[in-house]
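Geometric and topological summary
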Amino acid sequence: AMDRARAANLRHFVAYLLLYDGEIKRAHGKLDEALASYREALTVSTQVGAQMTIAESAFAIGRSMLETGDNEQARTFLSQSRDLVVQLRLSAPGPLPAAYLATLGHEDASTISYEPRGRTSGWVELHLVLHRLGRGMFHLTRAGVMLERMSSHLDENERDQFWSNYPNAREYRRVASVTSR
């Protein structure tokens, strides 16, 4: 699909494909490759003026920078994403940039909305971050319920893969196992 989109000069579509390519690489633990895809998605979406894709790409880069420990770069990209979300009232990435900025102490965690809108995967991640920020067990429980719903239609092998490969599912299991001790 990427080659055809590039050949047809469908740059907006290319930006989304790059963003999702990054998500797949991140799910497989290939963070450097994911970052390269996210950065290219940001470049392409900036060239075509695709504001939502810019916000999503900047968020993905910022979250990845946090995962590598580069908090200053993370803050720059997360702030860019948050500003676009606020300015354009974007449902994706929604409040996630603000939530991650709160983990860095650059946003007030108590003001972050968690009203459902946008992609389910984003809301699972938001609930996990809000739980990490001390907003209560409700958020951990809600993330678990949503993950169960997301995987309920899968057969046993697919469910195992979902829980093993999906970063939010892995994080939920890690946090839930620590919390239950």
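Let me begin by describing the structure that accompanies this report.

A few words on the packing of helix H2 (residues 11-27) against helix H4 (residues 51-68). The contact between H2 and H4 brings their axes to 10 Å, and the two run at 20 degrees. When the axes of H2 and H4 are compared, the pair comes out roughly parallel. Relative to H4, the crossing made by H2 is left-handed. Each of His12, Ala15, Tyr16, Leu19, Glu23 and Arg26 in H2 lies in contact with H4, whose residues at this interface are Met52, Thr53, Glu56, Ser57, Ala60, Arg63 and Glu67. Taken together, the residues of the contact of H2 with H4 sort by class into 5 nonpolar, 3 polar and 5 charged.

Scanning all chains against the criterion turns up 10 salt bridges. In this structure, Arg159 and Glu148 form a salt bridge, with 3.0 Å as the shortest nitrogen-oxygen distance. On the criterion of sequence distance, the pair formed by Arg159 in helix H9 (residues 156-165) and Glu148 in helix H8 (residues 137-151) is long-range, its members being 11 residues apart. Several salt bridges share partner residues, and in doing so they unite Glu23, Arg63 and Glu125 into one network.

What counts, and where the lines are drawn
- Residues numbered from 1 in each chain as written.
- Predicted model: local features only at pLDDT ≥ 70, side-chain atom pairs only at ≥ 80, totals over all residues.
- Heavy atoms only, no water.
- Axes fitted to C-alpha atoms, helices over the stretch in contact; angles between N-to-C directions.
- Helix = DSSP H or I, 4+ residues; strand = E, 2+ residues; numbered from the N terminus.
- Parallel < 35°, antiparallel > 145°, perpendicular 65-115°, else oblique.
- Left-handed = near helix turned anticlockwise from the far one by under 90°.
- Contact = heavy atoms within 4.5 Å.
- Nonpolar A, V, L, I, M, F, W, Y, C, P; charged D, E, K, R; others polar.
- Salt bridge = Lys/Arg side-chain N within 4 Å of Asp/Glu carboxyl O.

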